[in-house]
Every structure is written in C-alpha cells, then in structure tokens.
Amino acid sequence: MVGAQPGFSRYSPSPTTGAAGLSPMAGSPTPSNATLLDVIRGLNGSTTETVERGKTIFFPGDPAEKVYLLRRGAVRLSRVYESGEEITVALLRENSLFGVLSLLTGQRSDRFYHAVAFTRVEMVTAPAASVRKAIELDASVGLLMLQGLSSRILQTETMIETLTHRDMSSRLVSFLLVLCRDFGVPTSEGITIDLRLSHQAIAEAIGSTRVTITRLLGDLRNAGLVQIDRKKITVFDPLALAKRFS
C-alpha cells in the first residue's frame, strides 16, 4: 500500500467569487465555447491547489465535499482491500475530472477511492455544492461534467484491462502502452513517457514488486524495445512492443 501522507499547498488560498456570492458561470448562461476548466474556475469557492508527488489528495472514507480537475501531472486512484492489497483503478492525466461521487448521489457521501499524486500535480477544485448549483442553473454545465466523467470512466476501464493480465510481463507492457498514449511525447527516438517513474512507483501501480519491475524493464531494454534515462522511459516503437507480447 502506498505510504502517502496528506499534504497541500495552495497557489490561491482565497476563494474565487462572483457578484452577490454567486460564481460568474452560475449567475449567467455558460458561453458556448466554455471549457470545464472555465466552469470550475468560475465557481464560488474554487481554488488552485498543488500536491507534491506521493502525497494523498483524499483517503477512502473522507467526506466527498469537493470536485477536482487535474491541470498538470498525474493522479493515481486506487482501491484498498481488506487483505491490505491496493489496486490501481485509474491513472489520471491532465484535464481529468475526479471526486464527483457526491454529485452522483445528490448528498454528502464518503470517498470510495484513495487518490495519490503520482507526480507533482496542480488541480483546480470547487465545493460540490457550488458545482451542483451550477448544474441546476445551466444544463450545459451538466453536459461538460458528464463529458469529463466519461473520460474518467474510460481511464478506469483501460486500467482494469491492464491489470487483467496474469503474466506480469504482459501487465507491464500494457501499462507502458497506456502511459505512451496518455503521457507520451514524440521524439526522434520514439515515444518518451513524460513522467519520472521509479521502479517502485510502477510496481505499486500494477500490483508487482520493485525487484520484478527492475528485472522486466531490464529485459525490455536488452531486447532493444525501451530506453531508460533518469527515470524517463522511451518506447522506441509502441507497435513492436505490443506485438512482442501480444
């Protein structure tokens, strides 16, 4: 289980408010070209927060009082089972929406997942009550939230598919391909995963051990499929990697 500790720092500790205590978005129709970021930033009580790598954003059982929009970095969502095993259910990328359980239930509820900063992250947050009010006043806000939630569900499904591989080699390859898709930057050598990942972090994400991940990554490197430089992984040819272990 990830040994994470709560820890926030805020760029803007004071809430962003509009006229008469309402957000600019809630007090008038949402512009047709507004993004989810525009909406969340414009809500009463919104803040921008940063969380350092390895720190907990919320624990299972915490009150679900805020909605989060990830602006920079990656967030790992996981479930902790009675056996103590922690299973990753999603690795969220920039512009991902999470922490929306309270909106779905329509009442105060508790967190279902453990959310940890997989890298240093920047998020925009807003009180769930402000988000719910904006949805009630403008249906287009609800549509933007639904689109954000759909993306989040897709990320969960992708992670579940990765973890269904019983063979740890296949599980690692599947995870690397997900990282290439969501965090990959094209370079002259291939696709570089724009995250500094320790072997321990990868092991925790896919339910393995650091020793096993070190060995398997070494095998991939020796096979000429990947390169690792200062914790950044470059996949030379994602198609070749997928075919090798399909």
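The structure this text deals with has already been given above.
This section reports on the structure supplied with the text. (Residues numbered from 1 in each chain as written. Predicted model: local features only at pLDDT ≥ 70, side-chain atom pairs only at ≥ 80, totals over all residues. Heavy atoms only, no water.)

**Comments concerning the overall build of the chain**
Stated precisely, the cut-off is as follows: To qualify as a helix, a DSSP run of H or I must reach at least 4 residues; to qualify as a strand, a run of E must reach at least 2; elements of each kind are numbered from the N terminus. With a 1.4 Å probe rolled over the protein chains alone, any residue whose accessible area is under 20% of its type maximum counts as buried; one over 50% counts as exposed, and the rest are partly exposed. Areas reported as accessible are Shrake-Rupley estimates using a 1.4 Å probe. Residue values count occlusion only from the protein chains shown.
The number of helices and strands found in the chain is nine helices and 13 strands. Looking at the chain as a whole, 47% of its 246 residues qualify as buried. Only carbon and sulfur atoms are counted for the fraction: they give 52% of the accessible area of the chain, which is about 12200 Å².

**Describing the sheet that holds strand 12 (residues 226-229)**
As a reminder of what qualifies: A strand pair is defined by DSSP finding two or more bridges across the two strands. Axis lines are fitted through C-alpha atoms, for helices just across the contact stretch, and the angle between N-to-C directions can take any value from 0 to 180 degrees. Every residue pair with non-hydrogen atoms within 4.5 Å of one another is taken to be in contact.
Read from one edge of the open sheet, four strands run 10-11-13-12, paired in antiparallel fashion. A single partner strand is all that each edge strand has here, and the edge strands are strand 10 (184-186) and strand 12. Across the sheet, the mean angle separating the axes of adjacent strands is 25° when strand polarity is ignored. Pairing of strand 12 with strand 13 (residues 232-235) involves four bridges; the strand directions are antiparallel. Bridge pairing in strand 13 places I228 opposite I233. Against the sheet, helix 8 (residues 210-222) contacts strand 12 and strand 13, and its axis sits at roughly 120° relative to strand 12.

**Some remarks on the pairing of strand 9 (residues 121-127)**
Successive residues of a regular strand alternate their side chains across the two faces of the sheet. For strand 9, the tally of buried residues reaches six of seven residues, placing the bulk of the element in the interior. Across five bridges, strand 2 (residues 47-51) lies against strand 9 in antiparallel orientation. Among the inter-strand pairings, T48 is bridged to a residue of strand 9, identified as V124. In this structure, strand 4 (residues 66-72) lies alongside strand 9, joined through six bridges in antiparallel fashion. Paired with V67 across the two strands is A126, which belongs to strand 9.

**Remarks on the packing of aromatic side chains**
As a reminder of what qualifies: Each pair of aromatic rings taken from Phe, Tyr and Trp, with Trp reduced to its six-membered ring, is defined by centres within 6.5 Å and is described as stacked if the planes are under 30 degrees apart, edge-to-face if over 60, and tilted in the remaining cases.
All told, the structure shown has three aromatic pairs when counted by the stated rule. When the ring of Y68 is compared with that of F98, the centres are 5.0 Å apart and the planes differ by 15°; the resulting orientation is stacked. Here Y68, found in strand 4, pairs with F98, found in strand 7 (residues 97-98); they are 30 residues apart in sequence, far enough to count as distant. Assessed through its relative accessible area of 4%, Y68 is described here as buried. For F98, a relative accessible area of 0% gives the class buried. Cluster of aromatic residues (ring-pair linked, three or more members): F58, Y68 and F98.

**Some details on the pairing of strand 6 (residues 86-92)**
Taken across its seven residues, strand 6 has six buried, putting it largely inside the fold. Relative to strand 6, strand 5 (residues 75-80) is paired through six bridges, and the arrangement is antiparallel. Within the sheet, the bridge partner assigned to V80 lies in strand 6 and is E86. What sits between the antiparallel neighbours strand 5 and strand 6 is a turn of five residues, in which G84 has the positive phi angle 95°.

**Remarks on the nonpolar core**
The following threshold applies: Among the buried residues, those of types Ala, Val, Leu, Ile, Met, Phe, Trp, Tyr and Cys that are joined through side-chain atoms within 4.5 Å form a nonpolar core.
Grouped together as the largest cluster of nonpolar side chains are 31 residues, with contacts concentrated most on L172, L176, L179, I193, I202, I206 and L220. Of all the secondary-structure elements, those providing two or more residues to this core are helix 5 (139-163), helix 6 (168-183), strand 11 (191-193), helix 7 (199-206), helix 8 and strand 13. It is helix 6 that contributes the most residues to this core, eight residues altogether. Discounting residues that sit within four places of it in the chain, L172 has contacts with I202, I206, I213, L216, L217 and L220. Core analysis: the next-biggest nonpolar cluster, separate from the first, contains 17 residues, V39, V124, L144 and M145 among them.

**Observations regarding empty space enclosed by the protein**
Take a probe with the size of a water molecule and roll it over the atoms, and the empty space left behind shows itself. For the record, the criterion: With a 1 Å grid spanning the protein atoms alone, the term cavity applies to any set of points in which a 1.4 Å probe fits but cannot get out, the term pocket to an open set with protein on both sides within 12 Å along at least five of seven lines, and the term lining residue to any residue with an atom within 4 Å of a point. Grid points are joined across faces, edges and corners, and a volume is the space filled by probe spheres set on the points. Residue polarity follows a fixed list, in which Ala, Val, Leu, Ile, Met, Phe, Trp, Tyr, Cys and Pro are nonpolar, Asp, Glu, Lys and Arg are charged, and the others, Gly among them, are polar.
Scanning all chains against the criterion turns up one cavity of 30 Å³ or more. A volume near 30 Å³ is recorded for the largest cavity. Residue lining of the largest cavity: L91, Q155, T158, M159, V178, R181 and D182, and that is the complete set. Elements represented by at least two residues in the lining of the largest cavity include exactly helix 5 and helix 6. Among the residues forming the lining of the largest cavity, the class breakdown is three nonpolar, two polar and two charged.

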